[in-house]
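Descriptive structure summary
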Amino acid sequence: MCMKFRAIDICYVGLFVAFMMIGANITSLVPFMVIGGVPITLQTFFAILAGALLGSRLGSISMIVYAVVGLVGAPVFAQFGGGIRVLISPTFGFILSFIILSYVVGRIVEKNQQLFTYFIASIIGLVINYLFGTNWMYFAYKLWAAAPDGFTYKMAWLWMVPPLPKDVFLSLFAGWMAHRLHKTIKISSFHSKANIES
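The following refers to the structure shown. (Residues numbered from 1 in each chain as written. Predicted model: local features only at pLDDT ≥ 70, side-chain atom pairs only at ≥ 80, totals over all residues. Heavy atoms only, no water.)

1. Some words on the packing of helix α3 (residues 43–71) against helix α4 (residues 92–111)
Where α3 meets α4, the closest approach of the two axes is 8 Å, and the angle between their N-to-C directions is 150°. Taken together, the axes of α3 and α4 are roughly antiparallel relative to one another. Read as a crossing pair, α3 and α4 show a hand that is left-handed. A per-class count over the contact of α3 with α4 returns 15 nonpolar, nine polar and three charged. (Axes fitted to C-alpha atoms, helices over the stretch in contact; angles between N-to-C directions. Helix = DSSP H or I, 4+ residues; strand = E, 2+ residues; numbered from the N terminus. Parallel < 35°, antiparallel > 145°, perpendicular 65-115°, else oblique. Left-handed = near helix turned anticlockwise from the far one by under 90°. Nonpolar A, V, L, I, M, F, W, Y, C, P; charged D, E, K, R; others polar.)

2. Re the pattern of salt bridges
Tallying each qualifying case throughout the model produces two salt bridges. For Arg6, the salt bridge identified is with Asp9, shortest N-O distance 3.0 Å. Its relative accessible area of 0% is what places Asp9 among the buried residues. (Salt bridge = Lys/Arg side-chain N within 4 Å of Asp/Glu carboxyl O. Buried < 20%, exposed > 50% of the residue type's maximum accessible area, 1.4 Å probe, protein only.)

3. Notes on the packing of aromatic side chains
Counted by the stated rule, this structure contains 17 aromatic pairs. Ring centres of Phe45 and Phe46 lie 5.0 Å apart, and the angle between their planes is 65°; on these two criteria the pair is classed as edge-to-face. On the basis of relative accessible area, Phe45 is assigned to the buried category, the value being 8%. Joined through ring pairs, the aromatic side chains of Phe16, Phe19, Phe45, Phe46, Phe169, Phe173 and Trp176 make up one cluster. (Phe/Tyr/Trp six-rings, centres within 6.5 Å; stacked < 30°, edge-to-face > 60°.)

4. A word on the environment of Leu115
Here Leu115 lies in helix α5 (residues 115–143). The spacing of Leu115 and Gly175 is 60 residues in sequence and 7.6 Å in space, taken between C-alpha atoms.

5. A word on α3
With 29 residues, α3 ought to run about 42 Å at 1.5 Å a step, yet its terminal C-alpha atoms sit only 16 Å apart, falling short of that. The sharpest bend along α3 measures roughly 135° and falls at Gly55. One or two steps after α3, the chain reaches Gly73, where phi turns positive at roughly 120°. (Expected span 1.5 Å × (residues − 1). Bend = angle between axes of the 7 residues up to and from the residue.)

6. With respect to a nonpolar patch on the surface
Taken together, the side chains of Ile84, Leu87, Ile88, Phe139, Leu143 and Trp144 define a hydrophobic patch exposed on the protein surface, amounting to about 660 Å² of accessible area. Tracing the sequence through the fold places Leu143 in helix α5. Since its relative accessible area comes to 63%, Leu143 is described here as exposed. (Patch = residues over 30% accessible without salt bridge, like charges linked within 9 Å, V, L, I, M, F, W, Y side chains within 5 Å. Areas by Shrake-Rupley, 256 points an atom, 1.4 Å probe, with all protein chains shown as cover.)

7. Topic: the side chain of Ser62
Positionally, Ser62 belongs in helix α3. Overall, Ser62 belongs to the buried group, its relative accessible area being 0%. A polar atom in the side chain of Ser62 sits 2.6 Å from the backbone oxygen of Gly59. Sequence-distant contacts of Ser62, that is, excluding residues within four places in its chain, are made with Val13, Phe16, Val17, Ala50 and Leu54. (Polar contact = N/O pair within 3.5 Å; in protein donor to acceptor, adjacent residues only side chain to side chain. Contact = heavy atoms within 4.5 Å.)

Laid out in structure tokens, this is it:
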């Protein structure tokens, strides 16, 4: 199978790579985005938006490119991090989850472009993000990272409670935004299968 990309497809991928970098470091750029000690990051928002707006193919490709750009050393991850050492970070599972969730979200909305479907797909994407990222974090701390004193599986999930309300809100907002923008943006994943040829 050979995938062909239009110039606009490449632009969309590059745009979402940039969005992800900004979303990862929004509190560094805008310090007041820390509320009650909880940083308001936008990575999950942009990953869901990528899948919902670009579709499964371009959405997941944009997240793969983001991960690769960071792993080769570009400072696109949280706290302007980058490099191969991120692979052993307890939070690397969340980066991997962006690839999976954007594909799943895209597959769901490709089948049905009703607003309710976008909302359901966005919440499913958030669940994937939390399940994959939190479990990776737990096993990373247990197997190779220096775990905090008394670290347990329950503690790992308790850490995810503070950002949950904002992530639910932002996920639904991403679904709503993608639904509103879908008809005004020509995305090959939705409108043509001609880009994938034998």
